Each structure stands twice: as structure tokens, then as C-alpha cells.
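Results of the structural survey
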Amino acid sequence: HYEPSWGSLDARPLPAWFDEAKFGIFIHWGVFSVPSFGSEWFWWYWQKEKREPYVKFMEANYPPGFSYEDFGPLFTAEFFDPNQWADILKASGAKYVVLTSKHHEGFTLWGSKYSWNWNAVDVGPKRDLVAELATSVRSRTDLHFGLYHSLFEWFNPLFLEDATNVFKTRKFPTSKSLPELYEIVTKYQPEIIWSDGNGNAPDTYWNSTGFLAWLYNDSPVRDTVVTNDRWGVGSICTHGGFYTCSDRYNPGHLLPHKWENCMTIDKRSWGYRRNAQLDDYLTTEDLVKQLVETVSCGGNLLMNIGPTHDGRIAVVFEERLRQMGAWLQVNGEAIYGTKPWRAQNDTVTPEVWYTFSPKEGKVNAIFLNWPVSGTLELGEPQAKLGETQVKLIGYKELLKWVALGEKGMAIALPQLTPKQLPCQWGWTLQLTDIN
């Protein structure tokens, strides 16, 4: 039984599936997908900060007096096919998906009774998008289904009133934010609650510990649910389930606590941008590097796509996801279910990252550059003559190697044509019987 205190809640062991999964897909979708300009913070940048590009964009393209709420009916999702989304998610090799059920704009992708006339069932698609995706993901894949939920809402009058009262009043969390959280957990039973947006208010204002105690003790997902660390000012990287610490967090070294690197394929935005250039998207090579670095340091990678207002996953995102899946089809055994090894990256050759497969007792050395010489030097492994075996995943023969002094080895890679390579972006050596 967990008490509503951080001491008690932080002691809860993280359900094992999350660490084993390693790779998830984040989906940022909402009314901000209609202007699809600049970023998912469109409303704030246009109305509150009055940033020039946003103001000019509105003046040039929309009639005077057009409000952000007027984008609601234009969020149509007519091409949204949850089965197709589920198939793409499955093809990506990801083991979980996190959908934005509500971003800081307050628009819920389900027919929330606490978000009257500002939800996807009353306005726009007239569909319960959360339910549809949950059903397809669960019936067509083995991915764990998760939901992102923003605690605060930029322009909600109840929140603004509480903020004016320096959060001494709690009208907004009691009438809006908390009821929504209980609603999505009870209705959709997500296995991840990805909280965000503290609105500069402490966790006591949000009653985060009260909600989490219910979630871990009494909710329908109490045994499997995983949460992050964004539950109020001061909780990030300190309290909750896994740590996110910041967006695009990639420390490059081992952390003592389970963490996640949430990042975007579009370098500049979480939401879809119609005016994105090809150069704004990370290449598959970049993404494989992110995954390998993250996993070797004990993290999970949560890779974000932004669908269009009409419900399409743009082909550039689909291609990246399918290419990640193709890479994982070959190298998945060096990623899924692994643990960090004693060294995270190599001391001699840069861009070599290690993981450890505990069941097989194998050390995986993932190298991102194929050496011109055809010989890969590793400074970390201590090989044993006559015992250590080296295999290139996706290639049949064992590889020849020689020891380099006390520690380290030089491995002769096979001479392969580009067609014969097991994959295109990063390769895995499996080492057995290493000291």
C-alpha cells in the first residue's frame, strides 16, 4: 500500500516491462495540428508572446477576429485510420506508444465530460480518438498503450484565477485536471501516464501524490502502470517513476535511476509543421545513434512524430519509423531486454556503445562507423584466448580477433558488399565469454 507521499511513492519498483521495452513512439496531435506552423505552442506564441512570425502568419492567412478556438472545427481527422497507425507503430519496432490525450491548449482527444465543447467528440472529428487508437493498438500489436496529459492549460480561466492567487486556491485541479486524469485511467487503462506542464505550480497544488497513490493502489492499471517525473515544480528528475529531466535529455553516461530520452524526429517541433524542410528531420542514422547511446546508458528512447490535422502520419515520419523497425529486426537482441554493461562506450574507438544481454551473458558492441581498414579495435573488452567468440549479428561466420595487451581486442570484420551488410546504419558485434 502506497501512501500519498513522495517517500512512499518513489519506493515503488518500476514495472519490469518498461525497462525491457527500450523504445517507444510519442504522438503529438491536437488543435495545434491545424495551423501546423512553428510549433505545438502556437496559441501561446501567437496570443501571449505575440511573436512576429505567428502574428504575421495569422494576418496573412485568416480573417480579422479569428480566434484559436476557431481552429477546433478545422481539426477534422478525416484520414485518421487507427488500424493503419497501429500497423506503422508495430513496424517501427517500438514496444510502447504515448499519445497526447490533452496538450496545454486544453483540447481533449476523448469526449471528456470535464472539457465541455472543447474535445474531439463535440468539436472537429466528432470521434473519440483516444479510444480508437487504443483499440487498434491493443488488437493489432503487442505495444503498451500510454497517454500524455498536460496538468495545466495556458488560457483556462480557472487556472489563471488560481495562478493569480499564487495557487492558494485550487479550483482548476479539483474541477478539471484531476477529474480528467481519473477519467482517462478508468476509461482507457493506459500503462503509461506521461504527465507534463506544471504551470509553475507545486505538486501540492496538483495533489499529484494523492492521484499517484490511487493509481498505484486502486486503479485498474495499478500493477503495470508506469509514470514519469513531471508532477509539479521541483519533481522533475527527482520524484515519480522514470526520470525525463528535460526534453531531448541524453546525458551520455550511466544514470542510477531509470530515465527516458523524449525527443523529436523534427528537430524544431513536437507538432506537425507544414513548412518543415527535409533538413529539419533527423536522418535514420541520427535516430539509430540516439537509440544506441540512450539504451547503453540505461535509458529508453521516446521518439516523437506529429500527425497532420486530417489524421495522416506524413510519409517522412512513416519512412523513419519503418527504417528503425528494419534496423531493430536485425539488431533488436542488442537493445530489447538488455542491461547497461560496465562500460557504456569504448575508450579506443569513438561511436562504439555497449549493452549487455543478461540471459545469454553476451556483451553487445554496437559500432556506428564501419572502419575503412576492415579492422575494429575495441579498448574495453577483456577477451580470453580460445574461449571468447565474436559474431556480427546478421552474418553467419564467427569473426577472427586478436587480443591487444591486458585489455582490448582487434576484430577482423568480413569484407561485404553494401548489399551483403546486415543493415545500413550501425552494426552489432556479439561477444561471448568475455571477462
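The rules behind these values
Residues numbered from 1 in each chain as written. Predicted model: local features only at pLDDT ≥ 70, side-chain atom pairs only at ≥ 80, totals over all residues. Heavy atoms only, no water. UniProt positions renumbered as here; feature names shortened; annotations may be inferred. Core = buried A, V, L, I, M, F, W, Y, C linked by side-chain atoms within 4.5 Å. Buried < 20%, exposed > 50% of the residue type's maximum accessible area, 1.4 Å probe, protein only. Contact = heavy atoms within 4.5 Å. Helix = DSSP H or I, 4+ residues; strand = E, 2+ residues; numbered from the N terminus. Expected span 1.5 Å × (residues − 1). Polar contact = N/O pair within 3.5 Å; in protein donor to acceptor, adjacent residues only side chain to side chain. Pairing = 2+ DSSP bridges. Axes fitted to C-alpha atoms, helices over the stretch in contact; angles between N-to-C directions. Disulfide = S-S within 2.5 Å. Phe/Tyr/Trp six-rings, centres within 6.5 Å; stacked < 30°, edge-to-face > 60°. Lys NZ or Arg CZ within 6 Å of the ring centre and 35° of its normal. Parallel < 35°, antiparallel > 145°, perpendicular 65-115°, else oblique. Left-handed = near helix turned anticlockwise from the far one by under 90°. Nonpolar A, V, L, I, M, F, W, Y, C, P; charged D, E, K, R; others polar.

An unreviewed UniProt entry lists the protein under the name alpha-L-fucosidase, with Eudyptes chrysocome as the source organism. Per UniProt, the comment on the protein under Function (unreviewed entry) is "Alpha-L-fucosidase is responsible for hydrolyzing the alpha-1,6-linked fucose joined to the reducing-end N-acetylglucosamine of the carbohydrate moieties of glycoproteins." Listed in UniProt under the heading Subunit (unreviewed entry), the comment for the protein reads: "Homotetramer."

Attention now moves to the nonpolar core. With 124 residues, the main nonpolar core has I27, M303, W327 and L429 as its most contacted residues. Ignoring anything within four residues of it in the chain, the contact list for M303 reads F23, G24, I25, F26, M263, I265, L287, L321 and M324. Of all hydrophobic cores here, the second largest spans 14 residues; its members include A21, V226, W270 and L302.

Bringing helix α6 (residues 129-140) into the picture now. For an α-helix the count is 3.6 residues per turn, leaving residues at separations of three or four pointing the same way. Helix length check: α6, at 12 residues, gives a terminal C-alpha distance of 16 Å against a target of 16 Å (1.5 Å per residue), a fit within 8%. Along α6, the positions that sit buried rather than exposed are L129, V130, L133, A134, S136 and V137. The N-capping residue of α6, defined by a side-chain oxygen 3.2 Å from the backbone nitrogen of V130, is D128.

Here we have seven strands laid out as an open sheet, ordered β5-β4-β3-β2-β1-β7-β6, and parallel in their pairing. Each edge of the sheet is formed by a strand with only one pairing partner; in this case those strands are β5 (226-227) and β6 (259-264). When strand β2 (residues 96-102) meets strand β3 (residues 144-150), the two strands line up parallel, connected through six bridges. For L99, the partnering residue across the bridge sits in β3 and is L147. The strands touched by helix α12 (residues 315-331) within the sheet are β1 (23-27) and β7 (299-305), with β7 carrying the most contacts at an inclination of about 150°.

So, on to the state of the cysteines. This structure, assessed with the given rule, holds one disulfide. In this structure C297 is a free cysteine whose sulfur lies 13 Å from that of C245, the closest cysteine sulfur available.

Turning to its location among the elements, T141 is positioned in the loop between α6 and β3. Owing to a relative accessible area of 12%, T141 belongs among the buried residues under this scheme. One polar contact links the side chain of T141 to the main-chain carbonyl oxygen of V137, over a distance of 2.6 Å. In terms of polar contacts, T141 uses its side chain to reach the backbone amide nitrogen of L143, at 3.0 Å.

This part covers the packing of aromatic side chains. The final tally for this structure, using the stated rule, is 54 aromatic pairs. Ring geometry for Y68 and F71: centres 5.7 Å apart, planes at 75°, overall edge-to-face. Like Y68, the residue F71 is buried in the burial classification. For R342, the ring lying beneath its charged end belongs to W341, and the centroid distance is 4.3 Å.

What follows concerns the packing of helix α8 (residues 171-188) against helix α10 (residues 208-217). Two elements in contact, α8 and α10, have axes separated by 11 Å at closest approach and are oriented at 15°. As judged from the angle between their axes, α8 and α10 are roughly parallel. As for the relative orientation of α8 and α10, their crossing is right-handed in sense. Along its contact with α8, which presents L178, L181, Y182, V185 and T186, the element α10 presents G210, F211, W214 and L215. Here the residues of the contact of α8 with α10 sort into seven nonpolar, two polar and no charged.

Our next topic: the sheet that holds strand β8 (residues 352-357). Here four strands make up an open sheet; going across it, the order is β8-β9-β14-β11 and the pairing antiparallel. Each edge of the open sheet is held by one strand with a lone partner, namely β8 and β11 (389-392). Strand-to-strand, the axes of this sheet are offset by a mean angle of 25°, without reference to chain direction. Two strands pair when backbone bridges link them, and β11 and strand β14 (residues 427-432) are joined in this way by four bridges, in the antiparallel orientation.

Here the focus is the UniProt feature "site: May be important for catalysis" (unreviewed entry) in the protein. When the UniProt feature table is mapped onto this chain, "site: May be important for catalysis" (unreviewed entry) is found at C262. Here C262 shows up in strand β6.

Okay, the side chain of T227 next. Here T227 is to be found in strand β5. Within polar-contact distance, the side chain of T227 engages the side chain of Y216 at 2.7 Å. Ignoring sequence-local partners within four residues, the contact set of T227 consists of I193, L212, L215, Y216, G240, G241 and F242.

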